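Here is what each chain is made of, one letter per residue.
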Amino acid sequence: DINWNTSIVKTIILVNDNTTLLPLCPMTLTVKVSGLIRSPKDEKVESVEVELMNSNLASTVTNYEGEYSFGEMRTGGNYVIQPRRDDEWLNGITTADIIKIQKHILGKETFTSGYQMIAADVNNSKSITSADISELRKLILGITTRVTKNTSWRFVNANYSFSNVENALNESIPESFEINNLNSAIHGNFIGIKVGDLTN
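The model shown is predicted, which means the values in this text are computed figures rather than measured ones.

Conventions adopted
Residues numbered from 1 in each chain as written. Predicted model: local features only at pLDDT ≥ 70, side-chain atom pairs only at ≥ 80, totals over all residues. Heavy atoms only, no water. Helix = DSSP H or I, 4+ residues; strand = E, 2+ residues; numbered from the N terminus. Rg over C-alpha atoms; globule rule 2.2 N^0.38 Å. Buried < 20%, exposed > 50% of the residue type's maximum accessible area, 1.4 Å probe, protein only. Contact = heavy atoms within 4.5 Å. Areas by Shrake-Rupley, 256 points an atom, 1.4 Å probe, with all protein chains shown as cover. Core = buried A, V, L, I, M, F, W, Y, C linked by side-chain atoms within 4.5 Å. Salt bridge = Lys/Arg side-chain N within 4 Å of Asp/Glu carboxyl O. 1 Å grid on protein atoms, 1.4 Å probe; cavity = no way out; pocket = protein on both sides within 12 Å on 5 of 7 lines; lining within 4 Å. Points joined across faces, edges and corners; volume = space filled by probe spheres on them. Nonpolar A, V, L, I, M, F, W, Y, C, P; charged D, E, K, R; others polar. Pairing = 2+ DSSP bridges. Phe/Tyr/Trp six-rings, centres within 6.5 Å; stacked < 30°, edge-to-face > 60°.

Some details on the overall build of the chain
Secondary structure assignment for the chain yields 3 helices and 9 strands. Starting at the N terminus, the α and β elements of the chain follow one another as β-β-β-β-β-α-α-α-β-β-β-β. Taken over C-alpha atoms, the radius of gyration comes to 25 Å for the chain, far larger than the 16 Å a tight globule of 200 residues would show. Taken along the three principal axes of its C-alpha coordinates, the chain extends 100 × 35 × 25 Å. The proportion of buried residues among the 200 residues of the chain is 38%. Nonlocal contacts in the chain, meaning residues at least 24 apart in sequence, comprise 70% of its contacts between residues at least 6 apart. Of the roughly 12500 Å² of accessible surface on the chain, 50% is carried by carbon and sulfur atoms.

This is the structure:
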């Protein structure tokens with residue numbers, strides 16, 4: 001007061017979220033962003049580089065269980081999970097894969113899943129032709145070490161379902177996982193397809 005007398009009081013202030021008004025406060029300030037990458041045969045895919053775009057975080061790599069994690073992230077951001085792998089082109093590729101593609105082209109034994117269609121489209125032309133067989137032959141014979149118009153692995157958002165196997169290559173296949181307004185734990189899972197490997 002004017003005579004410099006002082007006193008102290010302690011109190012508690014409770015700040016509550018008014019649920020009738022937007023925007024609502026997030027329940028937690030940080031959440032985990034992680035996921036699993038597996039093959040169409042449910043085998044874990046390791047050594048896949050995974051980037052969390054728009055986060056300024058370094059990319060991570062899937063472990064031997066096919067798992068990746070970016071740990072705890074602040075809520076509210078918009079991100080895109082993007083897996084990549086482009087090595088060991090010959091891994092899993094033999095002349096048996098060429099025969100599989102030949103039988104599909106001739107209509108003797110057509111593919112039954114969109115994942116097989118992606119694997120068989122070696123040159124990424126959105127169609128399966130003898131040109132794909134030619135690319136595999138070059139790899140097997142050692143004429144080339146990679147296919148320039150494709151990556152050795154392709155990754156499809158695990159939440160995606162193909163509407164038509166025959167037309168799978170012309171569908172808008174999501175090869176990333178979009179996160180809008182991160183407010184809960186995210187499991188961004190993918191199906192990894194080894195290009196050219198039709199025999200698993």
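Thoughts on the nonpolar core
I101, F111, I118, I128 and L136 are the most contacted members of the largest nonpolar core, which has 25 residues in total. Contributions of two or more residues to this core are made by α1 (95–106), α2 (114–120), α3 (130–141) and β9 (190–194). Sort the elements by how many residues they give to this core and α2 lands first, with 5 residues. Ranked by size, the runner-up nonpolar core spans 19 residues in total, among them V31, V50, Y68 and Y79.

Examining the pattern of salt bridges
On inspection of all chains with the given rule, the structure shows 8 salt bridges. Close ionic contact of R84 with E51 constitutes a salt bridge, the shortest N to O distance being 2.8 Å. In this pair, R84 sits in strand β5 (residues 79–84) while E51 sits in strand β2 (residues 49–53), placing the two residues 33 residues apart along the sequence. In this structure, E175 engages R154 in a salt bridge whose closest nitrogen and oxygen atoms are separated by 2.8 Å. Of this pair, E175 sits in the loop between β6 (153–157) and β7 (177–179) while R154 sits in strand β6, placing them 21 residues apart in sequence.

Concerning the layout of surface pockets
If you add up the space inside the largest pocket, you get close to 390 Å³. Lining of the largest pocket is provided by 21 residues; of these, S39, P40, K194, D197 and N200 occupy positions nearest its centre. Mapped by element, the contributors of at least two residues to the lining of the largest pocket are α2 and β9. When grouped by side-chain class, the residues that make up the lining of the largest pocket number 7 nonpolar, 8 polar and 6 charged.

Looking at the sheet that holds β5
Spatially, β3-β2-β5-β7 is the arrangement adopted by the 4 strands of the open sheet, whose pairing is antiparallel. A single partner strand is all that each edge strand has here, and the edge strands are β3 (60–61) and β7. With 2 bridges connecting them, β2 and β3 associate as antiparallel partners. Of the residues in β3, the one forming a bridge with V50 is T60.

Remarks on the packing of aromatic side chains
Under the definition given, this model contains 4 aromatic pairs. Centre to centre, the rings of Y115 and F162 are 5.3 Å apart; their planes meet at 85°, and the pair counts as edge-to-face. Placement of the pair is Y115 in helix α2 and F162 in the loop between β6 and β7, with a sequence separation of 47 residues. Judged by centre distance (5.3 Å) and plane angle (80°), the ring pair of Y160 and F162 falls under edge-to-face. Taken together, the ring pairs connect Y115, Y160 and F162 into an aromatic cluster.

Comments concerning empty space enclosed by the protein
Inspection of every chain in the model, using the stated rule, returns 1 cavity of 30 Å³ or more. Here the largest cavity defines a volume of roughly 30 Å³. Surrounding the largest cavity, I118, D121, N124, K126, R154, L169 and I173 form its lining. Broken down by class, the residue content of the lining of the largest cavity amounts to 3 nonpolar, 1 polar and 3 charged.

Nothing here speaks to function; it is all geometry.
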